[in-house]
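Okay, here's what each chain looks like letter by letter:
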Amino acid sequence: RKEVEQDPGPFNVPEGATVAFNCTYSNSASQSFFWYRQDCRKEPKLLMSVYSSGNEDGRFTAQLNRASQYISLLIRDSKLSDSATYLCVAALNAGNMLTFGGGTRLMVKP
Amino acid sequence: EAQVTQNPRYLITVTGKKLTVTCSQNMNHEYMSWYRQDPGLGLRQIYYSMNVEVTDKGDVPEGYKVSRKEKRNFPLILESPSPNQTSLYFCASSPAGGAGYTFGSGTRLTVV
């Protein structure tokens, strides 16, 4: 069983749709959580950190549920430019030992 | 421009020939890390460093060495590369672990 699991997708959605991704992690000692975005053949880019209180950045909302050990990402009003793979990350050791999920592919269509 | 720079971007080498992939960051970050990305296996951490002369193993350190003699540089060394080290490698840095990492553009390594 992978330590961080994500539905690989792809999620095919029309522009303007709201889409949600979930991710589960198995190591309850994980301390920090993140969502990264990765475009094809490019480096991962930090999208946002994830906090228990939930956090929002524009159209993106992330939530952490420590009791159930899952992390979510909600994207509202999807844009074509949101098409990418979204990587869920759980970290140990003050955020320095990162374990990545396999990624969820999102395709936003006109 | 704040960035993490890896070199080379592409490398084809033969089994057993020692190689070094360089990584440099200009953001004065304390933390640096190396990852490899393989189809079906995702991104896996090789080594990380929390400060100069402080390094530690990640999930897949076998066959790799690192050094952190200066804050800005964190080279990845393959003493005797083998075909199973063919992969896409990323270096990353962070001001603090909980702040998330900035990644370099990647090095695509092929070992034949």
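Since the model is a prediction, treat every value here as computed from it, not as a measurement.

Rules behind the numbers
- Residues numbered from 1 in each chain as written.
- Chains lettered and ligands numbered in written order.
- Predicted model: local features only at pLDDT ≥ 70, side-chain atom pairs only at ≥ 80, totals over all residues.
- Heavy atoms only, no water.
- Helix = DSSP H or I, 4+ residues; strand = E, 2+ residues; numbered from the N terminus.
- Rg over C-alpha atoms; globule rule 2.2 N^0.38 Å.
- Phe/Tyr/Trp six-rings, centres within 6.5 Å; stacked < 30°, edge-to-face > 60°.
- Buried < 20%, exposed > 50% of the residue type's maximum accessible area, 1.4 Å probe, protein only.
- Disulfide = S-S within 2.5 Å.
- Contact = heavy atoms within 4.5 Å.
- Buried area = accessible area lost by both parts, 1.4 Å probe.
- Salt bridge = Lys/Arg side-chain N within 4 Å of Asp/Glu carboxyl O.
- Polar contact = N/O pair within 3.5 Å; in protein donor to acceptor, adjacent residues only side chain to side chain.
- Nonpolar A, V, L, I, M, F, W, Y, C, P; charged D, E, K, R; others polar.
- 1 Å grid on protein atoms, 1.4 Å probe; cavity = no way out; pocket = protein on both sides within 12 Å on 5 of 7 lines; lining within 4 Å.
- Points joined across faces, edges and corners; volume = space filled by probe spheres on them.
- Lys, Arg positive; Asp, Glu negative; His and termini not counted.

Focus on the overall build of chain A
Phase 1 of the analysis: Helix and strand counts for chain A stand at zero helices and 11 strands.
Phase 2 of the analysis: Going from the N terminus to the C terminus, chain A shows its helices and strands as β-β-β-β-β-β-β-β-β-β-β.
Phase 3 of the analysis: The C-alpha atoms of chain A give a radius of gyration of 13 Å, which matches the 13 Å a tight globule of 110 residues would have.
Phase 4 of the analysis: Over its C-alpha atoms, taken along the principal directions, chain A stretches across nearly 40 × 30 × 20 Å.

Brief notes about the packing of aromatic side chains
All names here are of chain A.
Phase 1 of the analysis: Here the structure, examined in full by the defined rule, presents 11 aromatic pairs over all chains.
Phase 2 of the analysis: Note on F34 and Y36: the rings are 6.3 Å apart at their centroids and 65 degrees apart in plane angle, and the pair reads as edge-to-face.
Phase 3 of the analysis: With a relative accessible area of 1%, F34 lands in the buried category.
Phase 4 of the analysis: Summarising the aromatic geometry, the rings of Y36 and F100 are spaced 5.8 Å apart at their centres and angled 50 degrees between planes, so their arrangement reads as tilted. With Y36 in strand β4 (residues 32-38) and F100 in strand β10 (residues 97-100), this residue pair connects regions lying 64 residues apart in the sequence.

Re the state of the cysteines
Residue and element names in this part refer to chain A.
Phase 1 of the analysis: Inspection of the entire model under this criterion finds two disulfides over all chains.
Phase 2 of the analysis: Between the sulfur atoms of C23 and its disulfide mate C88 the distance is 2.0 Å. On the sign convention where negative means left-handed, the S-S torsion of about -75 degrees between C23 and C88 marks this disulfide as left-handed. Here C23 is found in strand β3 (residues 19-25), whereas its partner C88 is found in strand β9 (residues 84-92), with 65 residues between them in sequence.
Phase 3 of the analysis: Judged by relative accessible area, C23 falls into the buried class, the value being 1%.

Some remarks on the interface of chain A and chain B
Phase 1 of the analysis: Taken residue by residue, the interface counts 20 residues in chain A and 20 residues in chain B.
Phase 2 of the analysis: Carbon and sulfur atoms make up 49% of the area that chain A and chain B hide from each other, which totals about 1600 Å².
Phase 3 of the analysis: Interface area lost by chain A to chain B is led by E43, N96 and F100 of chain A, which between them contribute 32%.
Phase 4 of the analysis: For the pair chain A and chain B, the number of links is zero salt bridges.
Phase 5 of the analysis: At the junction of chain A and chain B, the tally comes to five residue pairs in polar contact (both at pLDDT 80 or more).
Phase 6 of the analysis: Mapped onto the side of chain A that touches chain B, the elements with two or more residues apiece are β4, β5 (45-50) and β10 of chain A.
Phase 7 of the analysis: For the side of chain A that touches chain B, the class distribution of residues is nine nonpolar, seven polar and four charged.

Quick notes on the pattern of salt bridges
Phase 1 of the analysis: This structure, assessed with the given rule, holds nine salt bridges over all chains.
Phase 2 of the analysis: The partner of D39 of chain A in a salt bridge is R37 of chain A, with the nearest N and O atoms 2.9 Å apart.
Phase 3 of the analysis: Judged by relative accessible area, which is 29%, D39 of chain A ranks as partly exposed.
Phase 4 of the analysis: K65 of chain B is the partner of E79 of chain B in a salt bridge, and the nearest nitrogen-oxygen pair spans 2.9 Å.

What about the layout of surface pockets?
A water-sized probe, rolled over the atoms, reveals where empty space remains.
Phase 1 of the analysis: The computed volume of the largest pocket comes to approximately 610 Å³.
Phase 2 of the analysis: Contributing to the lining of the largest pocket are 28 residues, with Q38, C40 and R41 of chain A together with Q37 and P39 of chain B lying nearest its centre.
Phase 3 of the analysis: For the lining of the largest pocket, the secondary-structure elements that each account for two or more residues are β9 and β11 (104-109) of chain A together with β4 (31-38), β5 (42-51), β9 (87-94) and β11 (107-111) of chain B.
Phase 4 of the analysis: Residues belonging to the lining of the largest pocket are distributed by class as follows: 10 nonpolar, 11 polar and seven charged.

Regarding the side chain of R68 of chain B
Residue and element names in this part refer to chain B.
Phase 1 of the analysis: By the secondary structure assignment, R68 is in the loop between β7 (65-66) and β8 (76-78).
Phase 2 of the analysis: Among buried Asp, Glu, Lys and Arg side chains, R68 stands out as unpaired, with E30 the closest opposite charge at 6.1 Å.
Phase 3 of the analysis: Here H29 takes part through its backbone oxygen, which lies 3.3 Å from a polar atom of the side chain of R68.

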